[in-house]
Amino acid sequence: MKKNAPQKTKIVLFTGYSCNNNCRFCINSNKRELLEKTTDELIKEIYLAKKKKADIVEIIGGESTIRHDYTHLISVAKKIGIKEVLSATNGKIFSDFSAAKKIVNSGISGLIFSLHGHNSKTHDYLTRSKGSFNELIKGIENLKKLGFKSINGNTTIVKPNMRFLPRIAELYAKYKIRNVEYIFVDPTYGGAYDNFKELVPKISKASVFMRKAVDIGINCGYKQWKVRYVPLCYFNGYERHISEINERILFFTEHWAPDFKNTNALVSRQIISRKKTARCKGCAVYNACEGIWAEYIKRYGDSELKAVK
Ligand code: SF4
């Protein structure tokens, strides 16, 4: 599939699914036993990404920072001229100052910290890893001490944390994190599929807190605070803060995982996992909207969707 002219090519390299957290909602919770890619495989993929003129390579897991070759992979990618090398992380490793320094020195361009609670009680409950909140916060502080600027955030919205989103937003604001995504949990597979009722909130309820959280960023002047995987009927007036709209314009994204290769991540998500229904008929934002998770419609129905006038 060809990308549109102004789009940057972003290749997301999944290293495997091992992780030192065990998030309740993790989409990969049933894949932990799959083999991790080897160093050689990943190096080959980095060279292939360069050949495909990737502007951005994002190295993710599982938790890719726990690999022994993590910094090596980053430095190879930078050395062969990949402009931006990013990683999403649970942040634990950065609580160790020397490990944080080594990663910064390897040339990483940006880090996306996954923060799921405003305190240990909520974050550690969701990650099922005692101490993970304190480690993540210490990690942010260590990176700040090192003068590392590109710290971003993402938060998965589930029932146990949705009410605390404004508190989580205040924490992001405290650390001056200018680029944040609030991600409505994906129940297509994994933990949220297995424990749907316990974890997946109604969009009509969660969206109230998601909008409040984004407003906190807007009030701080942060234009890159966004929501992801939401139906637009709950985000009227927030069109500039919808990740998918932004993504469609700016990026052409491929996913290369150990168990699948997706050469147009955006289109496959629209076709396979997201859904619009008859209630969307005549909606003014029909084309811009991806609807809601198909699995959500299966379990909760579509009665909350309301065509935008
Ligand atoms: S009614 Fe349907 S198409 Fe319109 S915003 Fe809601 S989910 Fe999207």
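The rules behind the values
Residues numbered from 1 in each chain as written. Predicted model: local features only at pLDDT ≥ 70, side-chain atom pairs only at ≥ 80, totals over all residues. Heavy atoms only, no water. Helix = DSSP H or I, 4+ residues; strand = E, 2+ residues; numbered from the N terminus. Polar contact = N/O pair within 3.5 Å; in protein donor to acceptor, adjacent residues only side chain to side chain. Contact = heavy atoms within 4.5 Å. Phe/Tyr/Trp six-rings, centres within 6.5 Å; stacked < 30°, edge-to-face > 60°. Buried < 20%, exposed > 50% of the residue type's maximum accessible area, 1.4 Å probe, protein only. Salt bridge = Lys/Arg side-chain N within 4 Å of Asp/Glu carboxyl O.

A. Main features of the side chain of Glu181. Along the chain, Glu181 falls in strand β6 (residues 179–184). For Glu181, the side chain forms a polar contact with the side chain of Arg228, separated by 2.7 Å. Separated by 2.4 Å, the side chains of Glu181 and Ser243 make a polar contact. When neighbours within four sequence positions are excluded, Glu181 is seen to be in contact with Gly153, Asn154, Thr155, Lys226, Arg228 and Ser243.

B. The packing of aromatic side chains, seen in detail. Applying the stated criterion across every chain yields a total of 11 aromatic pairs. Between Phe14 and Phe260 the ring centres are 5.7 Å apart and the planes differ by 65°, which places this aromatic pair in the edge-to-face class. Within this pair, whereas Phe14 is found in strand β1 (residues 8–14), its partner Phe260 is found in the loop between β8 (251–256) and β9 (261–262), the two being separated by 246 residues in sequence. Both rings, one in Phe94 and one in Phe113, keep their centres 5.4 Å apart while their planes meet at 45°; by these two values the pair is tilted. Of this pair, Phe94 sits in the loop between β3 (84–89) and α3 (97–105) while Phe113 sits in strand β4 (residues 110–114), placing them 19 residues apart in sequence. Judged by relative accessible area, which is 1%, Phe113 ranks as buried.

C. Representation of the pattern of salt bridges. Overall, the coordinates contain 16 salt bridges when judged by the stated rule. Close ionic contact of Arg228 with Glu181 constitutes a salt bridge, the shortest N to O distance being 2.7 Å. Linking Arg228 in strand β7 (residues 224–228) with Glu181 in strand β6, this pair joins segments that are 47 residues apart in sequence. Residue Arg228 shares its accessibility class with Glu181, and that shared class is buried. Salt-bridge contacts for Glu290 lead to Arg274; the nearest nitrogen and oxygen are separated by 3.0 Å. Pair noted here: Glu290 is in the loop between β10 (274–275) and β11 (292–293) and Arg274 is in strand β10, with a separation of 16 residues, a long-range link. For the pair Glu290 and Arg274, a shared accessibility class is recorded, and that class is buried. Residues participating in the shared-partner salt-bridge network are Glu244, Arg248, Arg274 and Glu290.

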